[in-house]
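# Observations on chain architecture
Residues per chain, in single letters:
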Amino acid sequence: MSTDFDGFLFDDIERHETISAYTSGGLCPIQLGCELGSPPRYRIIGKLGYGAYSTVWLAHDHVNKRNVALKIVEAKSSSIKESSMLQRFKVRDTEAPRVIQLLDAFEHTSPNGTHQVLVMEPVLPIDLFGCSEFRPRITREVLRQTVAAVALIHSRGIAHYDMLDVHISEDIHAGNFGMAVPEVEPLSVVDIWNHTGRPEVLATLHTSNKLESFPSYLCTKMDLGGLLLSIAPEFTQRPLSMRILDLGNAYVVGECPPRAITPIIYAAPEVAFGALNNDLDAPWDQRSDIWSLAICIHALACYSYIFALRHRVLYNMMYYCGEVPDAWREYVRAKPFPGGVVPGPAHADGLWKEKEKQFFWCGVENPAGLVLLLRRMMQLDPAKRPTAAELLRDPYFDGLHEHDAGGVPLLWHVTEN
Ligand SMILES: Nc1ncnc2c1ncn2[C@@H]1O[C@H](COP(=O)(O)OP(=O)(O)OP(=O)(O)O)[C@@H](O)[C@H]1O
């Protein structure tokens, strides 16, 4: 082995967490089949996902005899805030939860430090650009429940602002929303392993010998949707129940907001403008959530992001909103509009007409209604954005109600991913 190279021999940043995140203060090395908890209680079955601060695993809880999701947070970040946020949203049996349910929390020590572990119900995240065999059809009901999840956290004075997950490269993202899949809970470990087949793993070979910090291999995410299609296909025929995930960056409005971590192309104008002018502490609150929720709804509806180019994002915001805010005029004077096209209402109407066609081709229910909804949400002035509770009364959601999500098959799947 060559000694002039210090690092990993293999890497695949598109499919795994960054290997270098396994370091002192970083991620917890995990092996399939290992048991966590004291006394050992949760047996790791497979990987469900990873984020900037954690890895998330499907595990079997020997005590309650059910499968659960374990979010194992890097040692230097504390998830105490996230677990106390989630505690606020624990529901009784009679209520429909809209926030992922926290079942337990404990600490686990690894060579990299002490990690918070959040035990949660497993959900099927809406993976916009993933390679699952399963893709839900994004109906008005899915979107209504997505807005209802945000309305719920807002009603408790909390802002989320991390609804769009970005993994490593800014090209791969998924919404921080998922569907409850209680069908996963009773599955036996052997059944799961039989149906998912041999786990795909990548050996972690490092040129140094600091081996204890790293797992001996990285696992590829399990295809939970594909697993359910093969083991419990009837799940696509029942009413769905959406959850909002990842309250790690959420805060109680009125307290000091954490720095917004939403990437600029999904960020609200007030945050994006600040960030592009080197003000990373631009304040954000629930009104900023409404903008990001619109970006998320757009992505759910047509599997693409409304704004793609970071360096043009402010211009595109002005084009879609048809105006130039007074506070941005100085910025615009220094960097003139591309091709000299000045934003205005007629130009904005034209862009949204094109958007309506795109929604139509993507099979969106009531494309014109969705355009009107998004235009209400995407206001450059945060004060003009409706609240999430007001959005639930938007004509786009007419005829849908919290108590009546059932009746017709609400999910469908496509396999040509
Ligand atoms: N309860 C769960 N069931 C199934 N999958 C989950 C669950 N919670 C999280 N995941 C998956 O794990 C991924 C990472 O989780 P999460 O976003 O909470 O981590 P994070 O480290 O806080 O990430 P970031 O802050 O980068 O968004 C999610 O995008 C999702 O795909």
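Predicted, not measured: the structure shown is a model, and the values here were computed from it.

If you trace the backbone, Ser-110 turns up in strand E5 (residues 102–110). Among the residues examined, Ser-110 registers a relative accessible area of 12% and is labelled buried. Leave out the neighbours within four places in its chain, and Ser-110 touches Cys-28, Pro-29 and His-115.

A word on the UniProt feature "binding site: ATP" (unreviewed entry) in the protein. Feature annotation in UniProt assigns "binding site: ATP" (unreviewed entry) to the following positions: Lys-71. With respect to the element layout, Lys-71 can be found in strand E4 (residues 66–73). The class for Lys-71 is buried, based on a relative accessible area of 11%. Look past the residues within four positions of Lys-71 in its chain and what remains in contact with it is Ser-54, Thr-55, Val-56, Glu-82, Gln-116, Val-117, Leu-118, Met-120 and Asp-246.

Attention shifts here to the packing of aromatic side chains. All chains considered together, the criterion is met by 14 aromatic pairs. An angle of 80° between the planes, with centres 5.1 Å apart, marks the rings of Tyr-320 and Trp-352 as edge-to-face. Of the two residues, Tyr-320 sits in helix H7 (residues 313–321) while Trp-352 sits in helix H9 (residues 345–361), which places them 32 residues apart along the sequence. For the pair shown, Tyr-320 and Trp-352 are each scored as buried. Through a chain of ring-to-ring contacts, three or more aromatic side chains come together here, namely Phe-273, Tyr-315, Tyr-319, Trp-328, Tyr-331 and Phe-337.

Rules used in this analysis
Residues numbered from 1 in each chain as written. Predicted model: local features only at pLDDT ≥ 70, side-chain atom pairs only at ≥ 80, totals over all residues. Heavy atoms only, no water. Helix = DSSP H or I, 4+ residues; strand = E, 2+ residues; numbered from the N terminus. Buried < 20%, exposed > 50% of the residue type's maximum accessible area, 1.4 Å probe, protein only. Contact = heavy atoms within 4.5 Å. UniProt positions renumbered as here; feature names shortened; annotations may be inferred. Phe/Tyr/Trp six-rings, centres within 6.5 Å; stacked < 30°, edge-to-face > 60°.

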